[in-house]
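A closer look at the structure
Listed below are the residues making up each chain.
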4 protein chains.
Amino acid sequence: MYVHQTKVRVRYGETDQMGYLYYGNYALYYEVGRVEMLRALGMTYRMMEEELKVMMPVMTLNVRYTRPVFYDDLITVQTTIKEIPERSIIFHMELFNESGKLVNGGTVKLGFIDAVEKKRIDAPASFVEKLIPFFEQNEK
Amino acid sequence: MYVHQTKVRVRYGETDQMGYLYYGNYALYYEVGRVEMLRALGMTYRMMEEELKVMMPVMTLNVRYTRPVFYDDLITVQTTIKEIPERSIIFHMELFNESGKLVNGGTVKLGFIDAVEKKRIDAPASFVEKLIPFFEQNEK
Amino acid sequence: MYVHQTKVRVRYGETDQMGYLYYGNYALYYEVGRVEMLRALGMTYRMMEEELKVMMPVMTLNVRYTRPVFYDDLITVQTTIKEIPERSIIFHMELFNESGKLVNGGTVKLGFIDAVEKKRIDAPASFVEKLIPFFEQNEK
Amino acid sequence: MYVHQTKVRVRYGETDQMGYLYYGNYALYYEVGRVEMLRALGMTYRMMEEELKVMMPVMTLNVRYTRPVFYDDLITVQTTIKEIPERSIIFHMELFNESGKLVNGGTVKLGFIDAVEKKRIDAPASFVEKLIPFFEQNEK
């Protein structure tokens, strides 16, 4: 299991007239979560597209809105990978507010596409290798 | 069962560098679907907030991305209500491209909040009444 | 001079907690205005990118916010071209609410880029030809 | 003169299919710039709305797009106040990429609204007082 945390501050333009973070904008925070997780692992999604020529389109998104999130809240975005990715990868997301309360949870499943051949492939080996150490540790 | 269709054209600012409609922007299209469904029923979400003082926060969102959606595509957003709302309402969403192919499907569950008392309530009677005829017809 | 009008309905996700259309989202409406103007002329921006291999990056944007715009307002987006484009094109934008009041005005200046050579070019001849008739008419 | 810098990382959902940061999304970065400037001064825009009951609607926005900004770029957002605000405030914005090159510049002019009385007011004294020291220093 690999767990990563990063922080995102709610922008005014991301709220709606109910005064909440708009329900569609959580997807942007989930994106920040997985992108910063990759960076912490020593690779970037940009590198994945530009060097490995691999794109990762989203296949499914599930979101549970537990508590409202407000303008200027500093949200902790926690991203967890529970299984070594093969044909696809699932990011488990949990968002916490400044009081440490869970405000939102969800999952995002992404596939891997060879950008040149335009066909689905397995998770790139160079990516899987970065993750393996965290899973071996957990199994002991 | 009540089924409603409306159309949304994909904006340039809604695509991402993969050349697809960004996965977080489908939530905006789902919003257009349910808002236009309400309007077709003779009420507006604006009226709900301003006159009935009822807000409808989203509780859960589930999205399946079946086929990519591209810039300038004219998407048919089909919104279906399968059950008379009580404590919450579920909108079943299906998006079709210009070839009539299903590109995306999902569900959105919303609650009802009394904006003055700030507490959860059942679906407003005036809203339920508009829906009932469509369900009686289907039962015959 | 060429004048074109189209309509855009304000989405909930485009408002902010002030209850207004967020100031950054007018750029999306301006985009809809110029895209629908092109379509009315018999060409699309998509065609421009895909067939002519011409991209039109924005060079400058100027916006004056005259009156607030609210959720669910049906906004008339009026796009005017006052001069035949050469090295760049200027779209003059005016937004009106349902009472016909001017709520917003601005200009967007775009250049033309050869997407293959990655260099600036003049407005494509096939585009300029579509515009010329409207300017000849006005001069008479 | 008061100058402040903060950093913003370009999100995937903020790019468009040209592969650039979408021209409308710079407004979000400008917002981050002025909000973080306020925070550095010891006040927040949230506090302004909630405690002082002052809203700051945008009156004009001007943007010059100098160089393209790409996905995952870490942008330095520099915000400058050149004059003590009275009836309105002007934020001068400059965005730099990781090579230190200017990629974008602009100005945003905002007014001050008494949220209770719904009428225009001057810049709140408590805000002006925070800025004054920086201007006295510069005048020497």
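Above: the structure in question.
Every residue gets a number counted from 1 within its own chain, in the order that chain's sequence is written. Chains carry letters from A onward and ligands carry numbers from 1 onward, assigned in written order. For a predicted model such as this one, the threshold for reporting local features is a pLDDT of at least 70, and the threshold for listing and counting side-chain atom pairs is 80 or more; totals across whole chains, interfaces and linings nevertheless cover every residue.

**Considering the overall build of chain A**
For the record, the criterion: Helix and strand assignments follow DSSP, with helices taken as H or I runs no shorter than four residues and strands as E runs no shorter than two, numbered in order from the N terminus. Remark: C-beta atoms are placed from the backbone, and a residue is labelled buried if 20 or more other C-beta atoms sit within 10 Å of its own, exposed if 12 or fewer do, or partly exposed between those counts.
For chain A, the count of helices and strands is three helices and seven strands. Moving toward the C terminus, one meets the helices and strands of chain A in the order β-α-α-β-β-β-β-β-β-α. Over its C-alpha atoms, taken along the principal directions, chain A stretches across nearly 45 × 40 × 20 Å. Going through the 140 residues of chain A one by one, you find that 37% of them count as buried.

**Structural notes on the environment of Val69 of chain B**
Residues and elements named next belong to chain B. Just so we agree on the cut-off: Contact criterion: two residues are in contact if their C-beta atoms, reconstructed from the backbone, are within 7 Å.
Examined against the element boundaries, Val69 turns out to sit in the loop between β3 (58–65) and β4 (74–81). Separated by 43 residues in sequence, Val69 and Phe112 have C-alpha atoms that sit 32 Å apart. Once you skip the residues sitting within four places of it in the chain, Val69 turns out to touch Val10, Tyr20, Leu21, Ile75, Asn97, Val103 and Asn104.

**With respect to the pairing of strand β5 (residues 88–96) of chain D**
Residues and elements named next belong to chain D. Put simply, the test is: A strand pair is defined by DSSP finding two or more bridges across the two strands.
Where burial is concerned, the two faces of β5 differ: the one with Ile89, Phe91, Met93 and Leu95 is buried and the one with Ser88, Ile90, His92, Glu94 and Phe96 is not. Taken together, the five bridges between strand β4 (residues 74–81) and β5 define a ladder with antiparallel strand orientation. When the sheet's bridge partners are listed, Gln78 is paired in β5 with Glu94. Taking the residues between adjacent antiparallel strands as the criterion, β4 and β5 are bridged by six residues. Pairing between β5 and strand β6 (residues 102–114): nine bridges, direction antiparallel. Pairing of Phe96 across the sheet is with Leu102, part of β6.

**Let's talk about the relation of the copies chain B and chain A**
The criterion, for reference: Here the copies are matched by least squares. The fit uses the C-alpha atoms of residues with pLDDT of at least 70 in both.
Each copy of the sequence occupies a distinct position, and chain B is placed on chain A by a rotation of 180° and an axial shift of 0.0 Å, giving an RMSD of 0.0 Å. The operation mapping one copy onto its partner corresponds to a two-fold rotation axis. Closest approach to the rotation axis among the C-alpha atoms of chain B is made by Asn62 of chain B, whose C-alpha sits 2.2 Å away.

**So, the pairing of strand β6 (residues 102–114) of chain B**
Residue and element names in this part refer to chain B. In terms of strand pairing, strand β2 (residues 54–55) meets β6 through two bridges, oriented antiparallel. Opposite Met55, over in β6, you have Ile113 as the bridge partner. In the sheet, β3 pairs with β6 via seven bridges, with the strands oriented antiparallel. For Thr60, the partnering residue across the bridge sits in β6 and is Lys109. As paired elements, β6 and strand β7 (residues 119–121) share three bridges and run antiparallel to each other. Residue pairing for β7: Phe112 is matched across the bridge by Ile121. Hairpin connection of β6 to β7: four residues between the antiparallel strands, including Lys118 at a positive phi of 55°.

**Let's talk about the interface of chain B and chain A**
In plain terms, the rule: Note on residue classes: Ala, Val, Leu, Ile, Met, Phe, Trp, Tyr, Cys and Pro are nonpolar, Asp, Glu, Lys and Arg are charged, and everything else, Gly too, is polar.
Opposite the 17 residues of chain B that make contact, chain A presents 17 residues. Going through the elements one at a time, α1 (26–40) and β3 of chain B are the ones with two or more residues in the side of chain B that touches chain A. The biggest single contributor to the side of chain B that touches chain A is β3 of chain B, with eight residues. Taken together, the residues that form the side of chain B that touches chain A break down as 12 nonpolar, four polar and one charged. As paired elements, strand β3 (residues 58–65) of chain A and β3 of chain B share five bridges and run antiparallel to each other.

**Considering α1 of chain B**
All names here are of chain B. How we decide: In this analysis, the expected span of each helix is defined as 1.5 Å times one less than the number of residues it contains.
Its 15 residues place the ends of α1 21 Å apart at the C-alpha level, agreeing with the 21 Å of an ideal helix rising 1.5 Å per residue. Buried residues dominate α1, accounting for 12 of its 15 residues. Tyr26, Ala27, Leu28, Tyr29, Tyr30, Glu31, Gly33, Arg34, Val35, Glu36, Met37 and Leu38 are the residues of α1 that are buried.

**Some details on the interface of chain D and chain A**
Frequently, the measure chosen for interface size is the accessible area that the parts lose on association. Every contact between the two is made by 10 residues of chain D and, on the other side, 10 residues of chain A. With three residues, helix α1 (residues 26–40) of chain D is the single largest residue contributor to the side of chain D that touches chain A. A class-by-class count of the residues in the side of chain D that touches chain A yields four nonpolar, two polar and four charged.

**Notes on the relation of the copies chain D and chain A**
Here the two chain copies are tied together by a rotation about an axis and a shift along that axis. Relative to chain A, chain D is turned by 180° and slid 0.0 Å along the rotation axis, the superposed coordinates differing by an RMSD of 0.0 Å. A share of 100% of interface residues in chain D that are also interface residues in chain A marks the association as one of identical surfaces.

**So, unusual backbone geometry**
Although it is not a glycine, Lys53 of chain A adopts a positive phi angle of roughly 55°. Along the chain, Lys53 of chain A turns up in the loop between α2 (45–50) and β2 (54–55). In this model, Lys118 of chain D sits at a positive phi of 60°, which is unusual for a non-glycine residue. Looking at the secondary structure, you find Lys118 of chain D in the loop between β6 and β7 (119–121).

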